[in-house]
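Listed below are the residues making up each chain.
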Amino acid sequence: MDITVRPATPDDARAIATIRVTSWRAAYDGLIPAMLLDRLDIETETQRRAQHWDRYHADPRATEFLALRQGRPVGWASAGACRDEDPAAAVRGELYALYALPTQWSTGVGHALMVATEDALRASGFRAASLWVLDGNARAAAFYERHGWREDGTTKDDERIVGNTGLPALRERRRLRDLAEPTA
């Protein structure tokens, strides 16, 4: 079955929300407290994405891709300028998100999205890029490692998901990729 990757549009908000919520619940089961995963809602996420689409894409280097299999959305990736605060971030791109429906794991969807996203980052003039992986997410870490993304020892505690629940922030580990190296 062939995979097609195309730029996402505002009309894809529901498909993106479905992929994000479904994949989060599977990928982060046991890594993120169930209470937080249970709060995820496709309808709320759809509305949030649609409402903020223009803001997310205000920078012309921002891009999102949808992976399709037999015309059905099965994966999504998002990238753009790096949001980190270190001095090198100003010249680095960032892979914000890359998710595939759990039924599509290990089928080439993630690879197809990675190739498209890295090409877009290069086309935007970035020579390097970063991404953040949830601590303990061995599956994702191995995927990124196979694609040339190397952990650099930088960590951060992300409170965006936990909010004011009283739960500890989620620890994430940064990975970097020299975009001049060939795609894996």
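Draft legend 1. Here's a closer look at the side chain of Ser78. Looking at where Ser78 falls in the secondary structure, it is placed in strand 3 (residues 72-81). By relative accessible area, Ser78 is classed as buried at 10%. Each residue touching Ser78, except ones within four places of it in the same chain, is listed here: Thr63, Glu64, Glu94, Leu95, Tyr96 and Ala97.

Draft legend 2. Summary view of the packing of aromatic side chains. Taken as a whole, this structure holds five aromatic pairs when the rule is applied. Plain terms: the ring middles of Trp24 and Tyr28 are 4.8 Å apart, the flat faces sit at 90° to each other, and that makes the pair edge-to-face. Judged by relative accessible area, which is 9%, Trp24 ranks as buried. Note on Tyr28: relative accessible area 8%, which makes it buried. Their ring planes at 85° and their centres at 6.5 Å tell us that Tyr28 and Tyr99 sit as a pair that is edge-to-face. Taken as a pair, Tyr28 in the loop between helix 1 (13-27) and helix 2 (34-39) and Tyr99 in strand 4 (residues 93-100) lie far apart in primary sequence, 71 residues in all. Among the residues examined, Tyr99 registers a relative accessible area of 14% and is labelled buried.

Draft legend 3. Seen up close, the nonpolar core. Ranked by internal contacts, the top residues of the largest apolar core, which has 45 residues, are Ile32, Leu95, Leu98 and Tyr144. Top contributing element to this core by residue count: helix 4 (residues 109-123), with six residues.

Draft legend 4. Just the pattern of salt bridges, in detail. For the structure on display, the rule yields 25 salt bridges. The partner of Asp12 in a salt bridge is Arg6, with the nearest N and O atoms 2.8 Å apart. For Arg6, a relative accessible area of 29% puts it in the partly exposed group. Glu181 serves as the salt-bridge partner of Arg177, at 3.6 Å between the closest nitrogen and oxygen. Take Arg177: its relative accessible area is 1%, and that puts it in the buried class. The partly exposed category is assigned to Glu181, whose relative accessible area is 40%.

Draft legend 5. Focus on the layout of surface pockets. By volume, the second largest pocket amounts to about 200 Å³. Lining the second largest pocket are Arg83, Asp84, Glu85, Asp86, Glu94, Trp132, Thr154, Lys156, Arg160 and Arg174. Its residues assigned to classes, the lining of the second largest pocket comprises one nonpolar, one polar and eight charged.

Draft legend 6. Up close: helix 3 (residues 42-56). Its 15 residues place the ends of helix 3 only 18 Å apart at the C-alpha level, less than the 21 Å of an ideal helix rising 1.5 Å per residue. Along its length, helix 3 reaches its greatest deviation from straightness, about 35°, at Ala50. On its buried face, helix 3 sits against helix 1, strand 2 (63-69) and strand 3. Its side-chain oxygen at 3.3 Å from the backbone nitrogen of Glu43, Asp41 defines the N-terminal cap of helix 3.

Draft legend 7. View of the packing of helix 1 against helix 3. Their axes nearest at 8 Å, the elements helix 1 and helix 3 cross at an angle of 130°. When the axis of helix 1 is compared with that of helix 3, the two are oblique. The hand of the helix 1/helix 3 crossing is right-handed. Contacts between helix 1 and helix 3 involve Ala13, Arg14, Ile16, Ala17, Thr18, Arg20 and Val21 on the former and, on the latter, Ile42, Glu43, Glu45, Thr46, Arg48, Arg49, Ala50 and Trp53.

Draft legend 8. Geometry of the sheet that holds strand 3. Across the sheet, which stays open at both edges, the seven strands sit in the order 1-2-3-4-5-7-6 with mixed pairing between neighbours. Two strands in the sheet have a free side with no partner beyond their single neighbour: strand 1 (3-7) and strand 6 (150-158). Sheet twist, expressed as the average angle between the axes of neighbouring strands with direction ignored, equals 25°. Bridge count between strand 6 and strand 7 (residues 170-178): six bridges; the pairing is antiparallel. Its bridge partner lying in strand 7, Asp158 is registered against Leu170. Strands strand 4, strand 5 (128-134), strand 6 and strand 7 of the sheet are contacted by helix 5 (residues 138-146), whose axis makes an angle of about 160° with strand 5.

The rules we used
Residues numbered from 1 in each chain as written. Predicted model: local features only at pLDDT ≥ 70, side-chain atom pairs only at ≥ 80, totals over all residues. Heavy atoms only, no water. Helix = DSSP H or I, 4+ residues; strand = E, 2+ residues; numbered from the N terminus. Buried < 20%, exposed > 50% of the residue type's maximum accessible area, 1.4 Å probe, protein only. Contact = heavy atoms within 4.5 Å. Phe/Tyr/Trp six-rings, centres within 6.5 Å; stacked < 30°, edge-to-face > 60°. Core = buried A, V, L, I, M, F, W, Y, C linked by side-chain atoms within 4.5 Å. Salt bridge = Lys/Arg side-chain N within 4 Å of Asp/Glu carboxyl O. 1 Å grid on protein atoms, 1.4 Å probe; cavity = no way out; pocket = protein on both sides within 12 Å on 5 of 7 lines; lining within 4 Å. Points joined across faces, edges and corners; volume = space filled by probe spheres on them. Nonpolar A, V, L, I, M, F, W, Y, C, P; charged D, E, K, R; others polar. Expected span 1.5 Å × (residues − 1). Bend = angle between axes of the 7 residues up to and from the residue. Polar contact = N/O pair within 3.5 Å; in protein donor to acceptor, adjacent residues only side chain to side chain. Axes fitted to C-alpha atoms, helices over the stretch in contact; angles between N-to-C directions. Parallel < 35°, antiparallel > 145°, perpendicular 65-115°, else oblique. Left-handed = near helix turned anticlockwise from the far one by under 90°. Pairing = 2+ DSSP bridges.

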